[in-house]
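# Notes for the structure review
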Amino acid sequence: MSDRLPRREFLRTAALASAAAVLAGTFAREATAAAAAAASPWDEVPAILARIVPPAFPDRVFDITAYGAVGNGSTDCTAAFRDAVAACNAAGGGRVLVPAGTFRTGKIHLLSNVELHVQGTIRFRTDPGSYLPPVFTRWEGIECYNYSPFIYANGKTNIALTGTGTIDGNAPAGDWSSWGGGGADRDRLRDWGAGDHPVEQRVFGAGTKLRPNMIGLYNCTNVLVENLSLRNPAMWTLHPVYCTNVTVRNVTFYSTNSQGDGCNPDSCTDVYIHGCRFNTNDDCIPVKSGRDRDGRRVNRPSQNIVVRDCRFSGRWGGITVGSEMSGGVRKVFAEDCACNAADFPGRYPVKYALYVKTSFNRGGFVEDIHLRRFTGRNLERDAVYITMNYETSGSIPPTVRNFTIDAMTINGGRAAYNIDGRSARHIQNVTISNSTFTAMTNSSNIANYVDNLQLINVFHNGRDISNTSPPTGTRYEAENAAISQGVVENNHAGHSGTGFVNGDNVAGSHVEWTVTGTAGPATLRIRYANGTTTGRPATVAVNGATVVAAQPFGGTGAWTTWVTATVPITLDAGANTVRITANTANGNPNLDYIEVQQ
């Protein structure tokens, strides 16, 4: 008997096999798409932070006073700084110590394996000649040779600025302010950049008026700036350019001059900024990557930047991208930051919590920008402003896409969002979720030429403006949870189930749910109302471990306005406990329910 199948049976079997292969491919694609949809962009953050490791230094100390420095505020210590840095580097590295006192100096150039540790005050000279000869810089996104930044390094490895002291640019005491934005020198530099003029011939210095940055670090690897007070720059305060592995933590920024930005990562990779305070005369953290043709020539993006636990009181944006972004910006993550906090008001109120400024002159791209758990009050303008019209000329459109803003609570401002694309190139994929905007002066928001704008559980002046329903999860009503120092009530409309929990106005009151889950990450959504303008921060804990130490729970506009905060958590298999505990004497907000999605 032949082993071959009859022709009809063969064709039938082949058809079934082909259909099975198609179905298998379809299922595989659907599973891949579902997995991608379920993944959070924040899942990348642990891997980014694992790569960012601050440098360590040998236990050797080089006190600048041993090299002739005198901390009387008048003696010039430029040579002492130079000699101490050189000796530290020649010995294989260590700490250059600036002890108590005020040390007046011109430029300081750092070398590899040197930690400049400031206990007293470094105060910089105001004469421009102290910052010559010109060095390689990038001035507002265009490469050139200009006055040296007050503190400068180029091509160095393992450098740090640390200590509890002050680095004072002293710029208001000099003529820097009168130079303004650079005037004719700025115009000449822009012309040179547009015309591909050789960089080595773009030389500025004596007699020119391009203000230097206070701290400029170029092509450096393994950088730490920690604990210091940075004050009074002539222009941008801290400007890392072409750097990798940068940590900026617990630093206070203060500026009064125009162009007084805080920390400007510029074409940098793997940057962690956390615990910092910005009281600036311009943007707080503007992420940059070069201007126009010169930025596209260099073509180095800024990417993998994480910002946490910062306070913003700058004159323009809190988190800003651009306007110099022609080399591209991708993967910026910012969380748990406050704008215009009551206990950190600053000289100027932040205009925008997120400010993305691009134009058809710039080209480049801005993509994958993610904010969550921002709070703020009294913004001068919009909570979220993304524009392609920062300049209206040009014919090289940027790509601007992939934004998520979650759990933002803003009380006071112009509007929740202004997303401003152009007909020739739309802004794509903007999601705002679980956010509350109260006391906004505009009754509506702006979205011009935006593809895929999703508003999920978003409230504007007490009105639900959502256009997409949140994903479903398992709901656990507060009235069925364990309650400590609180009661179940139902006298405010809009609650779910049979009521909500009104906790006592005491610190330590809490509500605890028992939830069932599988081992792994989950999303916790907390529905609450807070009819006061006073925040009611609370600790969110899972299985006894703190997940968020101070979840804001800001005002929602009314006790009948219910909003949702979102918190990423990790569950064990089986039963888990979720507890929300009031941190202050104001107690918890009214708690309606939690939802757990896996």
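Higher on the page you've got the structure.
Remember, predicted model here, so these are calculated numbers, not experimental data.

Reading the values: the criteria
- Residues numbered from 1 in each chain as written.
- Predicted model: local features only at pLDDT ≥ 70, side-chain atom pairs only at ≥ 80, totals over all residues.
- Heavy atoms only, no water.
- Helix = DSSP H or I, 4+ residues; strand = E, 2+ residues; numbered from the N terminus.
- Expected span 1.5 Å × (residues − 1).
- Contact = heavy atoms within 4.5 Å.
- Buried < 20%, exposed > 50% of the residue type's maximum accessible area, 1.4 Å probe, protein only.
- Pairing = 2+ DSSP bridges.
- 1 Å grid on protein atoms, 1.4 Å probe; cavity = no way out; pocket = protein on both sides within 12 Å on 5 of 7 lines; lining within 4 Å.
- Points joined across faces, edges and corners; volume = space filled by probe spheres on them.
- Nonpolar A, V, L, I, M, F, W, Y, C, P; charged D, E, K, R; others polar.
- Axes fitted to C-alpha atoms, helices over the stretch in contact; angles between N-to-C directions.

### Let's talk about helix 4 (residues 183-194)
The first and last C-alpha atoms of helix 4 sit 17 Å apart over 12 residues, in line with the 16 Å expected at 1.5 Å per residue. Looking at the buried side of helix 4, the elements it contacts are strand 8 (135-139), strand 9 (142-146) and helix 5 (292-298). Two residues or fewer after helix 4 comes Asp 196, characterised by a positive phi angle close to 55°.

### Section: the pairing of strand 8
Of all 5 residues in strand 8, 5 are buried; the element is thus mostly enclosed. Alignment of strand 8 against strand 9, held across 5 bridges, turns out to be antiparallel. The residue of strand 9 that forms the bridge with Thr 137 is Cys 144. Between strand 8 and strand 9, which pair antiparallel in sequence order, lie 2 residues; one of them, Glu 140, sits at a positive phi of approximately 45°.

### A few points about the layout of surface pockets
Its boundaries defined by the atoms lining it, the second largest pocket holds a volume of some 360 Å³. Residue lining of the second largest pocket: 21 residues in total, with Glu 140, Gln 259, Asp 282, Lys 357 and Tyr 390 positioned closest to the centre. In terms of residue class, the lining of the second largest pocket is made up of 4 nonpolar, 5 polar and 12 charged.

### Notes on the sheet that holds strand 44 (residues 538-542)
Overall, antiparallel pairing links the 5 strands, which are arranged 39-42-47-44-45 in an open sheet. Looking at the sheet topology across the chains shown, the edges are occupied by strand 39 (482-484) and strand 45 (545-551). Across this sheet, the average inter-strand angle for adjacent strands is 20°, counted without regard to direction. Strand direction decides the pairing type here: strand 44 and strand 45, joined by 4 bridges, are antiparallel. What sits directly across from Val 542, in strand 45, is Ala 545.

### A word on the pairing of strand 48 (residues 590-597)
Burial runs high along strand 48: 7 of the 8 residues are buried. The sheet contact formed by strand 38 (residues 474-477) and strand 48 spans 4 bridges and is antiparallel. By the bridge assignment, Arg 475 is partnered in strand 48 with Glu 595. Looking at chain direction, strand 43 (residues 520-529) and strand 48 are connected through 7 bridges and run antiparallel. In the sheet register, Ile 526 faces strand 48, and the bridge partner there is Ile 594.

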